Every structure is written in structure tokens, then in C-alpha cells.
Amino acid sequence: MRATRWVWRWRRNPLRRRTDVLEAWVGLAAVVLMLVAGTAVGWTTGSLAHQALRQTVRDQHRHRHPVTATTLRALPGRAAESERETTGGREGHRVVARWPGPDGGTLSGVVAVRHAARPGYRFALWTDDRGRVSGRPMDEDTAAVHAGLAGAATAAATAGLVEAVRRLVVWRLARRRYALWDRAWRRAAHTWGRADAGS
């Protein structure tokens, strides 16, 4: 039904108004903009985000190093959210552990681990250039997924913006159409029911 009404706006007939033609052109322009501009903006944003994220991946792999930590003792309580973020998403238990530092010495601190660990338990840990505990570095696949999501979100936002503008223009056209109808009715009211009005 909507497609039939949209096609009707393009056909030549005495009932078609100028606002109908403008509304049809606005709809066509909106579809083209959603396809062209939305795709272009989404692709550009995704490409730029992918370049930035690939640089982040390179930097993280250059400055984060895997080491083997050894549990010294377990601590009561669950790991806090900040500790889980620092240790690459591990959650569950907190332990005091030691690990080799970049200068050959030994460092220690509180680390979150997935499972309860007895003293002497060894596990993998990521540290930065100064030996501090850090999260696992991002990989290329994760960077590509994030870039794709950024591009898709930007494309959707662009399409939404175009649709919002289209709705605003159609609303203004409808108000203009109603105003023209009111004027026509006021003109017709002066001659309504008169025998010599020619209606």
C-alpha cells in the first residue's frame, strides 16, 4: 500500500499536488543518501578506527610482555573490578604473587586469578616495560571486530540522521499542504450553495 501511494505521487493526475511531488523527491533523495553517504561514512570511520586500533595492537605487543608468576599466598575475598581489568579479565580469587622484573629482579603484588591457587601455583601474567601487571594485549581479530562495529554504528547513525531530516521535511510539507487546504476551503465557503457559483 505504501509503495502504491509513493508511486502515485509520481504519476500525472489532476489530484497530484506540488507537495506530493516534493515529498516523493525527498524520499528518493533520503534513500540515496542512506545508501551512499551512510556507506561512505561507515567505511571511512571503520577504516580510520582499524588503522588506529592496529597501531594500538602494535604498541601493546611492543610494551607488554608475558611472564610466569608464582603464587605466594591466597587473599580472602573476590577480585575487584579494577583488578580484573588490569589482569586481562581474570576474575575470581586474589593472590599475592611474585614474577620476574624487566631488570632481572623479582617483583610482587596482588593479582586476580581465575581459580583458587595454593602457594607455589604458577600462572601466566602480562606485565608492562616497568614490570607492572597489565592486561593482555589486544589482538588483530579483536581490533578488526571493534573497527567493524564502529563503522556499522556510524553508518546506522548517518542513516538515522538522514531519516530524521526526511521526517522533518515531510512534516513541514504536510503543514504546508494543510494550510493550502484551509485556504481553499475558506475560498469555497464564500460561494458554498450559491446557484451562480458554478459548482
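From a predicted model like this one, the values you see are computed outputs, not experimental measurements.

1. Remarks on the pairing of strand 2 (residues 93-100)
- Pairing analysis gives eight bridges linking strand 2 to strand 3 (residues 106-113), with the strands arranged antiparallel. Paired with V96 across the two strands is V110, which belongs to strand 3.

2. Section: a positive patch on the surface
- A surface patch of like charges, here positive, comprises R18, R176, R183, R186 and R187.
- Here the element with the most residues in the positive patch is helix 4 (residues 140-191); it accounts for four residues.
- Residue placement: R183 occurs in helix 4.

3. Some remarks on the side chain of T70
- Tracing the sequence through the fold places T70 in strand 1 (residues 65-78).
- Exposure remark for T70: the relative accessible area of 13% places this residue in the buried category.
- Apart from residues lying up to four places away in sequence, T70 is in contact with V96, A97, R98, G120, Y121 and R122.

Conventions adopted
- Residues numbered from 1 in each chain as written.
- Predicted model: local features only at pLDDT ≥ 70, side-chain atom pairs only at ≥ 80, totals over all residues.
- Heavy atoms only, no water.
- Pairing = 2+ DSSP bridges.
- Helix = DSSP H or I, 4+ residues; strand = E, 2+ residues; numbered from the N terminus.
- Patch = residues over 30% accessible without salt bridge, like charges linked within 9 Å, V, L, I, M, F, W, Y side chains within 5 Å.
- Areas by Shrake-Rupley, 256 points an atom, 1.4 Å probe, with all protein chains shown as cover.
- Salt bridge = Lys/Arg side-chain N within 4 Å of Asp/Glu carboxyl O.
- Lys, Arg positive; Asp, Glu negative; His and termini not counted.
- Charge placed at Lys NZ, Arg CZ, Asp CG, Glu CD.
- Buried < 20%, exposed > 50% of the residue type's maximum accessible area, 1.4 Å probe, protein only.
- Contact = heavy atoms within 4.5 Å.

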